[in-house]
Amino acid sequence: MEVGQLQRSFVEYMASLFREGFLDAQFSQLQQLQDDSNPDFVVEVVSLFFEDSERLLNDLTMALDQPNVDFKQVDAHVHQLKGSSSSVGAQRVKNCCVPFRNCCEEQNIETCLRCLQQIKQEYLLVKNKLQTLFELEQQIVAAGGAIPMVQ
Amino acid sequence: MEMFANSSSISKGMGEVVASDEPHVLAVDDNLVDRKLVEILLKKSSCKVTTAEDGLRALEYLGLAAHQDSSANSNGSKVNMIITDYCMPGMTGYELLKKIKESSMMKDVPVVIMSSENIPTRINQCMEEGAQIFMLKPLKHSDVERLRCQIMQCRG
């Protein structure tokens, strides 16, 4: 595919991610922070987000699997996840955290498990989308093009 | 495992030329992603940044930890501002703020509290304890630019 086409695909894909609510304005903030002195900033921060989220999702799974669930601990993990998803602009993941915290307060295992399921799905979706986005960027660069700035 | 991460905005190859007008900020946050974000935001605003992942390590860096001798070699005098998350395990940002304000050496250093939650009682509590500003997360570039102006004013 030639550079122009790749760039157009990139712009369209990015726009769809915002339109469909996967990403919000905070992600744009991250993109604006990327420059020549921090050329891989977005990928770095997003990679930290992936690492952090996967660890938290594992911790949540284990915490909810205990015979006596420590809801305070579960809530603490969700709070962390809400923080990081909010900081990278992963809107849908962030939005799953609010009802989850309510379920923790109600100390309801059933609903907590359902929330966990939902968050896992949203996380995998956004991870997939972001990886696709980064791959598109790499293809553009490999084809000798510049990555378009999307407002 | 490194407890602190130091960064310098001095360009490589110039040797130890100290840019003394660059504020040195200690950023404290237990969240990995937020630590990275605040570090970059501060570097973008031409600050030298040291990060710490919790209150205790922050106090140790400043030479204020309970187990430290007051004459111990500390970095406290080099720090121009401390920015800390409120919700942290072990010691909250509020507790860290109190310890800093209790210290004769550090009490005049501006402390900024960050939180993802907009809770008026929490904000008031921090302001009453002497916090410079309370900021809502996620932080944006404009927030940090504003902070930098404040630090420069404080330095006089």
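Residues numbered from 1 in each chain as written. Chains lettered and ligands numbered in written order. Predicted model: local features only at pLDDT ≥ 70, side-chain atom pairs only at ≥ 80, totals over all residues. Heavy atoms only, no water.

This paragraph deals with the pattern of salt bridges. Throughout the structure, instances matching the rule amount to 16 salt bridges over all chains. Of the charged contacts, one joins R55(A) and D52(A) as a salt bridge, the two residues approaching to 2.7 Å between their closest N and O atoms. Here D52(A) and R55(A) lie together in helix α3 (residues 41-64), a separation of three residues that amounts to about one turn. Looking at R55(A), the relative accessible area reads 41%, which means it is partly exposed. You can call D52(A) buried: its relative accessible area is 3%. Of the charged contacts, one joins R55(A) and D59(A) as a salt bridge, the two residues approaching to 3.8 Å between their closest N and O atoms. One end of the pair is R55(A) and the other is D59(A), both in helix α3 and four residues apart, which spans about a single turn. Connected via shared salt-bridge partners are D75(A), R101(A), E117(B) and R122(B). (Salt bridge = Lys/Arg side-chain N within 4 Å of Asp/Glu carboxyl O. Helix = DSSP H or I, 4+ residues; strand = E, 2+ residues; numbered from the N terminus. Buried < 20%, exposed > 50% of the residue type's maximum accessible area, 1.4 Å probe, protein only.)

Nonpolar side chains in soluble globular proteins tend to be buried together. Membership of the largest hydrophobic core comes to 67 residues, with the highest contact counts inside it found for F27(A), V74(A), F100(A), L130(A), L42(B) and I83(B). When residues in this core are grouped by element, the largest group, twelve residues, is from α3(A). Ignoring anything within four residues of it in the chain, the contact list for L42(B) reads V25(B), A27(B), C47(B), V49(B), I83(B) and V144(B). (Core = buried A, V, L, I, M, F, W, Y, C linked by side-chain atoms within 4.5 Å. Contact = heavy atoms within 4.5 Å.)

Before going further, it helps to examine the UniProt feature "domain: HPt" (unreviewed entry) in chain A. As annotated by UniProt and renumbered to match this structure, "domain: HPt" (unreviewed entry) occupies residues 38-147 of chain A. For the annotated span residues 38-147 of chain A, helix accounts for 83% and strand for 0% of the residues, and the straight-line distance between the end C-alpha atoms is 15 Å. (UniProt positions renumbered as here; feature names shortened; annotations may be inferred.)

Put simply, side chains in a regular strand alternate between the two faces of the sheet. Residue and element names in this part refer to chain B. As paired elements, strand β5 (residues 111-115) and strand β6 (residues 133-136) share four bridges and run parallel to each other. Counterpart to M114 in the pairing with β6 is M135. Handedness of the crossover is the feature at issue here: the chain leaves β5, passes through helix α4 (residues 120-128), returns alongside β6, and the resulting connection is right-handed. (Pairing = 2+ DSSP bridges. Right-handed = clockwise from strand over helix to strand, strands pointing away.)

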